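As a plain string of letters, each chain reads:
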Amino acid sequence: MKICVLPGDGIGPEITAQAVRVLKALGLKMDMEEALLGGCAVDAAGDPYPEATRKLAQAADAVLLGAVGGPQWDDNPRELRPERGLLGIRKHLGLFANLRPAMLYPELANASTLKPEVVAGLDILIVRELTGDIYFGQPRGIEIRNGEKVGFNTMIYSETEIRRIAKVAFEAARRRSKKVCSVDKMNVLECTQLWRDVVTSIAPEYPDVELSHMLVDNAAMQLVRNPKQFDVMVTGNMFGDILSDEASMLTGSIGMLPSASLDANNKGLYEPCHGSAPDIAGKGIANPLATILSAAMMLRHTFGMDEAAQRIENAVKKVLAQGYRTGDIFESGMKKVGTREMGDAVLAAL
Ligand code: IPM
Ligand code: MG
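Reference entry: report on the structure contained in this document. Predicted model only: the values in this text are computed from it and were never measured. Each chain carries its own residue numbering, running from 1 in the written order of its sequence. Lettering for chains starts from A, numbering for ligands starts from 1, and both go in the order in which the items are written. Reporting of local features is limited, given that this is a predicted model, to residues whose pLDDT is at least 70; pairs of side-chain atoms are given and counted only at 80 or more, and all residues count toward the totals for whole chains, interfaces and linings. Neither water nor hydrogens contribute to the side-chain values; these are computed over all heavy atoms in the structure.

Focus on the environment of isoleucine 3
Filter applied, for reference: Labels follow the DSSP assignment, with helices taken as runs of H or I lasting at least four residues and strands as runs of E lasting at least two, numbered in each case from the N terminus. Whether two residues are in contact is decided by their heavy atoms, any of which lying within 4.5 Å being enough.
Mapped onto the elements of the fold, isoleucine 3 is located in strand 1 (residues 2–8). Between the C-alpha atom of isoleucine 3 and that of alanine 62, which follows or precedes it by 59 residues, the distance is 5.0 Å. Discounting residues that sit within four places of it in the chain, isoleucine 3 has contacts with Leu23, Met30, Asp31, Met32, Glu33, Ala60, Ala62, Leu64, Met298 and Phe303.

Pasting the structure below:
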């Protein structure tokens, strides 16, 4: 098991350190090597996704990532921004399938801004296409037309790209509640008309899964109105970016949510859904649970080790039941802990 660890920027190094401790505690034979990605890589190597990192990531079976980004790089030219590193590694490794589960731990029901009865028992999986769409489409740019600047990007999907992500969603639904809701904007955008047509054409291969379609604006509304109607949602890169942030907040804290980005052979990059939180970086107070849960997803999806993954997930449930809380999920009466102490608690529970 070769794992490339990319701590990244901000709170990234603190939270990945805890996930690495948890992985080591399982006593599996793992070879872990660290490299630079994001702002730290821009500073050290002048490239957010340097050659050394490319080589290591390519050779690894899985990548564990903390987070990238920070205000000190916001004014950099686009190719020297930390986010470029993240988009670069996704594209380079062909990680087209982004799985973003949003589930509510019963212990955290009060952390959500929605009424407990709306979110209790929530368990959604957003399947976001990650290497296409307007994020990567050409042409793109800012140029002068008719004496003024115009900015433009291209939303584009091929049948092949839509088909392969739709299959990931249908397969995932088979292991869950057997419902897929495909999200598009076919009333306006041709690109997403094709999306709907292709997803519909695949449905007969999965007669046991119920397929529905929803326009993205309605989906955004339904997520806060009645989120429990959803099981698996599948959508393109940009809509998925937005809807997954929205879904994460139904659970109370984005600090709890892991993610997996997979290629066609289940090689994956695993990272928390949250960002680098520069405001609390270095303070030892960030919530490491999303990264620890990302390590669990890694064991399950890349290494097929369901039982080990379950052990980590159960340990996380246990520390929540024991009342351990980092600041982002703290409620009075609970035990407030920092990043490392939360790691300690998970290790003890393991
Ligand atoms: C995410 C992030 C990234 C994205 C940014 C940092 C490039 O928001 O992983 O959701 O837009 O994909
Ligand atoms: Mg995002």
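So, empty space enclosed by the protein
In plain terms, the rule: Using a 1 Å grid laid over the protein atoms alone, points where a 1.4 Å probe fits but cannot get out form a cavity; open sets with protein on both sides within 12 Å along at least 5 of 7 lines form a pocket; any residue with an atom within 4 Å of a point counts as lining. Grid points are joined across faces, edges and corners, and a volume is the space filled by probe spheres set on the points. Polar here means any residue other than Ala, Val, Leu, Ile, Met, Phe, Trp, Tyr, Cys and Pro, which are nonpolar, and Asp, Glu, Lys and Arg, which are charged; Gly is therefore polar.
Taken as a whole and judged by the stated rule, the model has three cavities of 30 Å³ or more. Approximately 60 Å³ is the volume found for the largest cavity. What lines the largest cavity is simply Lys2, Ile3, Cys4, Asp31, Glu33, Leu56 and Ala60. The set of elements that each furnish at least two residues to the lining of the largest cavity consists of strand 1 and strand 2 (31–34). The dominant element in the lining of the largest cavity, judged by the number of residues it contributes, is strand 1, at three residues. Across the lining of the largest cavity, the residue classes break down as four nonpolar, no polar and three charged. Approximately 40 Å³ is the volume attributed to the second largest cavity.

Examining the sheet that holds strand 10 (residues 232–235)
To keep things clear, this is the line we draw: What makes two strands pair is DSSP finding at least two bridges between them. Note on geometry: axes are C-alpha line fits, over the in-contact stretch for helices, and angles between N-to-C directions span 0 to 180 degrees.
Strand order in the open sheet made by the 10 strands is 2-1-3-12-11-4-5-10-8-9, with mixed pairing throughout. In this open sheet, the two edge strands, each paired with only one partner strand, are strand 2 and strand 9 (210–215). Strand-to-strand, the axes of this sheet are offset by a mean angle of 20°, without reference to chain direction. Strand direction decides the pairing type here: strand 1 and strand 2, joined by four bridges, are parallel. If you follow lysine 2 over to strand 2, its bridge partner there is aspartate 31.

A closer look at the pattern of salt bridges
Inclusion rule: Just to be clear on terms, a salt bridge is a Lys or Arg side-chain nitrogen sitting within 4 Å of an Asp or Glu carboxyl oxygen. Relative accessibility decides the category of a residue: with a 1.4 Å probe and only protein chains considered, values under 20% of the type maximum give buried, values over 50% give exposed, and everything between is partly exposed.
Going through the model one piece at a time under the given rule, you end up with 13 salt bridges. A salt bridge links arginine 21 to aspartate 344, with the shortest nitrogen-to-oxygen separation between them at 2.7 Å. Taken as a pair, arginine 21 in helix 1 (residues 12–25) and aspartate 344 in helix 12 (residues 339–349) lie far apart in primary sequence, 323 residues in all. Judged by relative accessible area, aspartate 344 falls into the partly exposed class, the value being 33%. As a salt-bridge pair, aspartate 241 and arginine 128 come within 3.9 Å of each other at their nearest N and O atoms. Taken together, the residues span a long stretch of sequence, with aspartate 241 in helix 9 (residues 237–250) and arginine 128 in strand 5 (residues 123–129) at a distance of 113 residues. The exposure class of aspartate 241 is partly exposed, given its relative accessible area of 27%. Since its relative accessible area comes to 1%, arginine 128 is described here as buried. Salt bridges sharing partners connect three or more residues here, namely Asp123, Arg176 and Asp231.

Re helix 12
For clarity, the cut-off: It is the directions from the helix axis to the C-beta atoms whose arc is reported.
Of all the residues in helix 12, the buried ones are Thr339, Met342, Gly343, Ala345, Val346 and Ala349. Down the axis of helix 12, the smallest arc covering the buried residues is 160°, so these residues share one side. Structural note: helix 12 exposes Arg340 and Ala348 on the side pointing more than 90 degrees away from its buried face. Elements in contact with the buried residues of helix 12: helix 1, helix 10 (289–301), helix 11 (306–321) and strand 13 (324–325).

Remarks on the packing of helix 10 against helix 11
Under the convention used in this document: Roughly parallel here means an angle under 35 degrees, roughly antiparallel means over 145, roughly perpendicular means 65 to 115, and every remaining angle is called oblique. Crossings are assigned a handedness: left-handed for a near helix turned anticlockwise from the far helix by less than a right angle, right-handed for a clockwise turn.
Across the interface, helix 10 lies against helix 11 with an axial gap of 7 Å and an inter-helix angle of 160°. Taken together, the axes of helix 10 and helix 11 are roughly antiparallel relative to one another. Between helix 10 and helix 11 the crossing geometry is left-handed. On the side of helix 10, the interface is formed by Leu289, Ile292, Leu293, Ala296, Leu299 and Arg300, while helix 11 contributes Asp306, Ala308, Ala309, Gln310, Ile312, Glu313, Val316 and Leu320. Taken together, the residues of the contact of helix 10 with helix 11 sort by class into 10 nonpolar, one polar and three charged.

Quick look at the packing of aromatic side chains
Under the convention used in this document: Here a Phe, Tyr or Trp ring, Trp counted by its six-membered ring, pairs with any other such ring whose centre lies within 6.5 Å, and the pair is stacked when the planes are under 30 degrees apart, edge-to-face when over 60, and tilted otherwise. Geometrically, a lysine NZ or arginine CZ counts as sitting over a ring once it is within 6 Å of the ring centre and also within 35 degrees of the ring normal.
For the structure on display, the rule yields two aromatic pairs. On the numbers, 5.2 Å between centres and 55° between planes, the contact of tyrosine 157 with tryptophan 195 is tilted. Of this pair, tyrosine 157 sits in the loop between strand 7 (148–152) and helix 6 (159–174) while tryptophan 195 is found in helix 7 (residues 190–202), placing the two residues 38 residues apart along the sequence. Seen from their ring centres, phenylalanine 170 and tyrosine 206 are 4.8 Å apart, and the 5° between their planes marks the pair as stacked. Here phenylalanine 170, found in helix 6, pairs with tyrosine 206, found in the loop between helix 7 and strand 9; they are 36 residues apart in sequence, far enough to count as distant. Over the ring of phenylalanine 136 we find lysine 91, and its NZ or CZ is 4.7 Å from the ring centre. Between arginine 145 and the ring centre of phenylalanine 152, over which it is positioned, the NZ or CZ distance is 4.7 Å.

From the geometry alone we can't say anything about function, so treat these as descriptive.
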